[in-house]
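Next come the chains, spelled out residue by residue.
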Amino acid sequence: MADNKKIKTALISVFHKENLDKIIHKLNDLNVKIISTGGTKSFIESIGAEVTSVESLTGYPSILGGRVKTLHPKIFGGILSRRDNQGDVSQLTEYEIPEIDLVIVDLYPFEDTVASGAEEQDIIEKIDIGGISLIRAAAKNFKDVVIVPSQNEYAPLLELLEEKNGETSMVDRKWYARQAFSISSHYDAAIFAYFNESGDEEAQRISLNSGQVLRYGENPHQKATFFKFKNSPEQVSLAEAQVLQGKALSYNNMLDADAAWKSASDAYHSVKHIEGKVAVAVVKHLNPCGLAVSGNILQSLEMAWAGDPISAFGSIVCFTETVTKEIAEWFGKKFVEILIAPSFSEEALEVLGRKKNLRVLVIPVKNEITGEKLYRSISGGMLVQDEDEGMDTKLETVTSKEFDSTKASLAKFGITACKHLKSNAIAIVTEGEKGAFWLTGAGMGQPNRLDSLRQLTMPRFKMKEGVKIENSVLISDAFFPFRDSIDAANEYGVKYIVEPGGSIRDKEVIEACNEFGIAMAFTGRRHFKH
């Protein structure tokens, strides 16, 4: 075919040498001239292949401690020259510049160096200059040149050389150019991210590779792909969870698993008074329908499940402690989609293994403060915000009745539970045996706050042994705009309420609380979750 090109000369300059030897031997078999420098040249010589040094071609040695090796017209001219342009061909002849048909480059591992916690000077030295320039030049001239931009393309190149005996088509070269610009753009984004660690709010560079195609999206007719951020080693994230068993995670599974892991972890961090504390979250459609913290994993599980046993069917359950055989057996004939924990005992895995479709994920407890950003798309754009992290420390009594200081810890647990519910959100939290805390009522996702309160699981309170509504605390994720919610809470017998405050009708709401003998505290911090 007319657009087929024969590889006659190759420039090779790579960081990773693994599996490069097969390519070198194949190029030798095809009588391709190889140009190289530094450690790559030494490697090529060590496997008995002929190689021409860059220095002998350019007339200049490697200088500035290796910072400048290939940046020379005799290299870039040979790469960028247009074979069908007579002016370019004439200049190559005039300046004795050889055409270069294949460029194999592997960039310095900048991201890995950053992730290792290296000193800044070491990180800066891993910003590749010559390599990235070679990639861009060869990719730009894809009509004549093949660019291999990383070791991920070594195997496809070897296969191509063997299949076509050193010839490439336009389709081949354009595919490699696409790979090249994917590599170069990602590399630049990683460097920008390093220099933008303060988080410039007006500029974002997000580059994601190696997407995992999911079975489908939120619904079967929607396509979906999962991309993983490259976080630092100390940054725990659900994306790093190890799947021990079960079928592949779906789009909805991933969202629910993340919600369960975050709510369980945050609940764990919110409780300070329980020794050997264990948090358990039961999540359905991104909302915790059960959440508990106690000093015993079985107690936490039973309390979390009892929070709303109807919604717990088909849920995702997350633990902050090792799942034992006893816990695995507890699920018996109960149907759950996913179990998440920092670890599972061998005996537990043996029991759970009988449920072939059950997914089992291993992930440590989330850090209390991660500094993560949240990304959400809208039509034609993207929204970026900080994660809603940290504890509310302010509890200011605003009613005649003092907010009992012994309820402060329970209230903080309740705020944590409530912030994980979809707005408008109302949570009821209760102290159980041995100081355990649990979510005993939840109303969420309604367009007005009164409906969220009316749709709480509170009518089932009398069915929950040990729950006394007058000793529980009601939490609202935002202020009450009218007193009607206080009237409704009073009908249930609520005596303690926590909300952010800030409404123009705060006085009306406070007066309603005083009328019913309800103690109310303001936090000054809203927790909407859309």
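All figures in this text were calculated on a predicted structure; none of them were measured in a lab.

Enquirer: Tell me about the nonpolar core, residues and numbers included.
Expert: Membership of the largest hydrophobic core comes to 52 residues, with the highest contact counts inside it found for Ile 12, Leu 27, Ile 79, Leu 102, Val 103 and Ile 104. Sequence-distant contacts of Leu 102, defined by excluding residues within four places in its chain, comprise Ile 7, Thr 9, Ala 10, Leu 11, Leu 27, Val 145, Val 146, Val 148 and Leu 157. Grouped together as the second largest cluster of nonpolar side chains are 46 residues, Leu 214, Val 283, Ile 340 and Cys 418 included.

Enquirer: Before we move on, can you summarise unusual backbone geometry with the specific residues and values?
Expert: The omega torsion across Ser 423 and Asn 424 is -10 degrees, close enough to zero to call that bond cis. The topology assignment puts Asn 424 in the loop between α15 (408-419) and β19 (426-431). Located in the positive-phi region is Asn 31, a residue other than glycine, with phi close to 60 degrees. Within the element layout of this structure, Asn 31 appears in the loop between α1 (20-29) and β3 (33-36). Relative accessible area serves as the criterion here: at 69%, Asn 31 is assigned to the exposed category. Of note in the backbone geometry, Asn 165 takes a positive phi value of approximately 55 degrees without being a glycine. Structurally, the position occupied by Asn 165 is in the loop between α9 (154-164) and β7 (167-168).

Enquirer: Which residues make up the environment of Glu 491, and what are the values?
Expert: Relative to the elements of secondary structure, Glu 491 occurs in helix α17 (residues 484-492). Taking the relative accessible area as the measure of exposure, Glu 491 reaches 55% and is therefore exposed. Sequence-wise, Glu 491 and Lys 8 are 483 residues apart; in three dimensions their C-alpha atoms are separated by 86 Å.

Enquirer: Please provide a residue-by-residue account of the sheet that holds strand β11 (residues 278-284), values included.
Expert: Spatial strand order, β10-β15-β14-β13-β11-β12-β20-β19-β21-β22-β23-β18: 12 strands in an open sheet with mixed pairing. Edge strands, defined here as strands with exactly one partner in the open sheet, are β10 (242-245) and β18 (396-397). Across the face of the sheet, helix α11 (residues 251-270) comes into contact with β11, β12 (287-294), β13 (315-319), β14 (336-341) and β15 (359-362) while running at roughly 150 degrees to β11.

Enquirer: Help me get a handle on the packing of aromatic side chains, residues and values and all.
Expert: According to the stated counting rule, one finds 13 aromatic pairs in the structure shown. With a centroid separation of 6.0 Å and an interplanar angle of 85 degrees, the aromatic rings of Phe 110 and Tyr 194 are classed as edge-to-face. With a gap of 84 residues between them, Phe 110 in helix α6 (residues 110-115) and Tyr 194 in helix α10 (residues 170-195) connect regions that are remote in the sequence. Classification of Phe 110 by relative accessible area gives buried; the value is 1%. On the numbers, 5.4 Å between centres and 80 degrees between planes, the contact of Trp 305 with Trp 330 is edge-to-face. In this pair, Trp 305 is assigned in helix α12 (residues 297-306) and Trp 330 in helix α13 (residues 325-331), connecting sequence segments 25 residues apart. Comparing Trp 305 with Trp 330 shows no difference in burial state: the two are buried. A connected cluster of aromatic rings, assembled from ring pairs, spans Phe 110, Tyr 187, Tyr 194 and Phe 195.

Enquirer: If you had to explain the pattern of salt bridges to someone new, which residues and values would you point to?
Expert: Enumeration according to the criterion identifies 19 salt bridges in this entry. One salt bridge in this structure joins Asp 101 and Arg 83, with 3.2 Å as the shortest N-O distance. You can see Asp 101 sitting in the loop between α5 (86-94) and β5 (102-106) and its partner Arg 83 sitting in the loop between α4 (73-80) and α5, a full 18 residues away along the chain. The pair formed by Asp 101 and Arg 83 is uniform in burial state, with each residue classed as buried. Among the ionic pairs, Lys 366 bridges to Asp 266, the shortest N-O distance being 3.0 Å. With Lys 366 in the loop between β15 and β16 (373-378) and Asp 266 in helix α11, the pair connects residues that are 100 residues apart, well separated along the chain. With respect to class, Lys 366 is no different from Asp 266; both count as buried. The network of salt bridges with common partners includes Asp 266, Lys 366, Glu 389 and Lys 419.

Enquirer: For helix α8 (residues 130-140), give the residues involved together with the corresponding values.
Expert: Across the 11 residues of α8, eight count as buried, placing the element largely inside the fold. Within α8, burial applies to Gly 130, Gly 131, Ile 132, Leu 134, Ile 135, Ala 137, Ala 138 and Ala 139. The secondary structure elements touched by the buried residues of α8 are β2 (9-14), α4, β5, β6 (146-148) and α10.

Enquirer: For the pairing of β19, give the residues involved together with the corresponding values.
Expert: Both faces of the sheet carry side chains from a regular strand, because those side chains alternate between them. A large share of β19 lies buried, amounting to five of its six residues. In the sheet, β19 pairs with strand β20 (residues 437-443) via six bridges, with the strands oriented antiparallel. If you follow Glu 431 over to β20, its bridge partner there is Phe 437. Hairpin connection from β19 to β20: five residues lie between these consecutive antiparallel strands, with Lys 434 at a positive phi of about 55 degrees. Where β19 and strand β21 (residues 473-476) come together, four bridges link them in antiparallel fashion. Bridge pairing in β21 places Ile 428 opposite Leu 474.

Enquirer: Describe in detail the environment of Ile 24, supporting the description with residues and values.
Expert: The topology assignment puts Ile 24 in helix α1. Under the relative-accessibility criterion, Ile 24 is labelled buried at 0%. When the C-alpha positions of Ile 24 and Glu 162 are compared, they lie 12 Å apart, and in sequence the two are 138 residues distant. If near-sequence neighbours (up to four positions away) are discounted, Ile 24 is found in contact with Ile 12, Ile 34, Ile 44, Ile 47 and Ala 49.

About the cut-offs
- Residues numbered from 1 in each chain as written.
- Predicted model: local features only at pLDDT ≥ 70, side-chain atom pairs only at ≥ 80, totals over all residues.
- Heavy atoms only, no water.
- Core = buried A, V, L, I, M, F, W, Y, C linked by side-chain atoms within 4.5 Å.
- Buried < 20%, exposed > 50% of the residue type's maximum accessible area, 1.4 Å probe, protein only.
- Contact = heavy atoms within 4.5 Å.
- Helix = DSSP H or I, 4+ residues; strand = E, 2+ residues; numbered from the N terminus.
- Pairing = 2+ DSSP bridges.
- Axes fitted to C-alpha atoms, helices over the stretch in contact; angles between N-to-C directions.
- Phe/Tyr/Trp six-rings, centres within 6.5 Å; stacked < 30°, edge-to-face > 60°.
- Salt bridge = Lys/Arg side-chain N within 4 Å of Asp/Glu carboxyl O.

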